[in-house]
Amino acid sequence: MREVRFFRLLDASLARSMTAVLMAVALVSIRTAAHAQDYPTRPVTLVMPYPPGGGTDFAGRLLAQGLERRLGQPFILEYRPGAGSAIAATYVSRAPADGHTILYATSTTMAINVSVHKRLAYDPTKDLAPIAMFAVTPFVLVVNASLPVNSITDLATLAKSKPGALTYASNGPGGATHLFAELLKTMLGIELTHVPYKGNAPALNDVVAGHVALMFVDPSVAVQLAKQGKLKALGVTTAQRVPMAPDLPPLAEIGLPGFDAASWHMLVAPGATPRPILNKLNTVLTAIIKDPAVVPEMTKRGFVPTAGGSPEQLAAFVKTEIDRWGKVVRTAGAAGIE
């Protein structure tokens, strides 16, 4: 009888404990939902991984304006460039997970860096949480206007005649522009010397000035400078032509068969950010990207607006991109170079 009574008391105690746990979980869920409903309660910092002046700066400002109008709090851009966006990503990964510090991230930040860096201070699958993807960006291969290069064949011939003498600029080690150039080297069997910068704008300035021979840039910038005679544009990185540069052929059609690459852009938050806050931001950002006033502004600057995907779906997408770009990085010989 004593044993029966003991087990009955034990069952009752366990039941009370389970009830308390469930009530605590429910209370946390209610509080989290309430916080999400009130979010944001103060200005939000949008950390930018590249310096002012480039296409990402424009996109970041455009999104910040839309978020501010819809959520009623200032969204302030804070620039932390360097290390192929790893400095900014590390900073945000360690920020309070309350949605008031978020990051402008690219395929470099969330996928490429994993393979390029020997020791990455953040794990994009754990320390950062996708909010929403908003655009993809094709690139254009450009060369200095005075360089005797008007085609991929010309470039290959010149590079092979002077192994390592030609230089290429990038927005930092592990960035898309770096990786695309490494692919170019591998596919053409040439030697080029890498000159990394902390952003596209200063890198492009040196290509225009002739301090560096070539780089990959946004279509909008390439078209404008090519029309002014300051650069020569050879082709686009995607398998299809792009609206901003319809006259430029894909590199895959003019000497680099199989070359097909673009950078994607998303906003992310610290990994432990409550799901309701991520969902709220996802809904608002999706509305911004579908805004008829926003689409042409993005398009004419070389972005292809892309809306859709929940935070959970984007987290799964990031994992597949890490695998895909890991293979590209290894093929290009760029694994663990930083």
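This text follows the structure it describes.
Summarised in this report is the structure supplied together with it. (Residues numbered from 1 in each chain as written. Predicted model: local features only at pLDDT ≥ 70, side-chain atom pairs only at ≥ 80, totals over all residues. Heavy atoms only, no water.)

Points about the pattern of salt bridges
Then, in step 1: For the structure on display, the rule yields nine salt bridges.
Then, in step 2: As a salt-bridge pair, Arg42 and Asp98 come within 2.8 Å of each other at their nearest N and O atoms. In this pair, Arg42 is assigned in the loop between α1 (2-38) and β1 (44-48) and Asp98 in the loop between α3 (86-93) and β3 (101-106), connecting sequence segments 56 residues apart.
Then, in step 3: Given a relative accessible area of 39%, Arg42 falls into the partly exposed group.
Then, in step 4: Exposure remark for Asp98: the relative accessible area of 24% places this residue in the partly exposed category.
Then, in step 5: Residues Arg80 and Glu78 are paired through a salt bridge, measuring 2.6 Å at the closest nitrogen-oxygen approach.
Then, in step 6: Its relative accessible area of 26% is what places Glu78 among the partly exposed residues.
Then, in step 7: Beyond isolated ion pairs, a larger network of salt bridges with shared partners links Glu297, Lys300 and Arg301. (Salt bridge = Lys/Arg side-chain N within 4 Å of Asp/Glu carboxyl O. Helix = DSSP H or I, 4+ residues; strand = E, 2+ residues; numbered from the N terminus. Buried < 20%, exposed > 50% of the residue type's maximum accessible area, 1.4 Å probe, protein only.)

Some details on the packing of aromatic side chains
Then, in step 1: Under the criterion given, the structure shown has seven aromatic pairs.
Then, in step 2: For the ring pair Tyr104 and Phe134, a centre distance of 5.3 Å and an interplane angle of 75° mean the geometry is edge-to-face. In this pair, Tyr104 is assigned in strand β3 and Phe134 in strand β4 (residues 128-137), connecting sequence segments 30 residues apart.
Then, in step 3: An aromatic cluster is built from Phe139, Phe180, Phe216, Phe259 and Trp325, whose rings are joined through pairwise contacts.
Then, in step 4: In this structure, Arg80 packs its charged tip against the face of Tyr91, placed 3.6 Å from the ring centre.
Then, in step 5: Between Arg301 and the ring centre of Phe58, over which it is positioned, the NZ or CZ distance is 3.9 Å. (Phe/Tyr/Trp six-rings, centres within 6.5 Å; stacked < 30°, edge-to-face > 60°. Lys NZ or Arg CZ within 6 Å of the ring centre and 35° of its normal.)

Considering the nonpolar core
Then, in step 1: In terms of nonpolar packing, the biggest core is built from 54 residues, with Leu103, Leu141, Phe216, Met266 and Trp325 touching the most fellow members.
Then, in step 2: At seven residues, the largest contribution of residues to this core is made by helix α6 (residues 176-188).
Then, in step 3: Those residues in contact with Leu103 that sit more than four places away from it in its chain are Leu46, Val47, Ala88, Ala89, Val92, Thr109, Leu128, Met266, Leu267 and Val268.
Then, in step 4: Counting 33 residues, the second-largest nonpolar core is a separate cluster that includes Val44, Leu71, Ile102 and Met298. (Core = buried A, V, L, I, M, F, W, Y, C linked by side-chain atoms within 4.5 Å. Contact = heavy atoms within 4.5 Å.)

Details of the side chain of Thr177
Then, in step 1: Mapped onto the fold, Thr177 is located in helix α6.
Then, in step 2: What makes Thr177 buried here is its relative accessible area of 0%.
Then, in step 3: A distance of 3.0 Å separates the side chain of Thr177 from the side chain of Asn171, its partner in a polar contact.
Then, in step 4: When neighbours within four sequence positions are excluded, Thr177 is seen to be in contact with Phe139, Ser170, Asn171, Asn200 and Phe216. (Polar contact = N/O pair within 3.5 Å; in protein donor to acceptor, adjacent residues only side chain to side chain.)

Things to note about the pairing of strand β5 (residues 140-144)
Then, in step 1: Judged by how many residues are buried, β5 sits mostly within the fold: five of five residues are covered.
Then, in step 2: Where β5 lies against strand β8 (residues 214-217), four bridges are found, and the strand directions are antiparallel. Bridging from a neighbouring strand, Leu141 pairs with Phe216 of β8.
Then, in step 3: Across five bridges, β5 lies against strand β9 (residues 231-236) in antiparallel orientation. Bridged to Leu141 within β9 is Gly235. (Pairing = 2+ DSSP bridges.)

Regarding the packing of α6 against helix α11 (residues 311-331)
Then, in step 1: The contact between α6 and α11 brings their axes to 9 Å, and the two run at 50°. Put simply, α6 runs oblique to α11. Two packed elements cross with a definite hand, and for α6 against α11 that hand is left-handed. Contacts between α6 and α11 involve Leu179, Phe180, Leu183 and Thr186 on the former and, on the latter, Trp325, Val328, Val329 and Thr331.
Then, in step 2: Considering only residue class, the contact of α6 with α11 consists of six nonpolar, two polar and no charged. (Axes fitted to C-alpha atoms, helices over the stretch in contact; angles between N-to-C directions. Parallel < 35°, antiparallel > 145°, perpendicular 65-115°, else oblique. Left-handed = near helix turned anticlockwise from the far one by under 90°. Nonpolar A, V, L, I, M, F, W, Y, C, P; charged D, E, K, R; others polar.)

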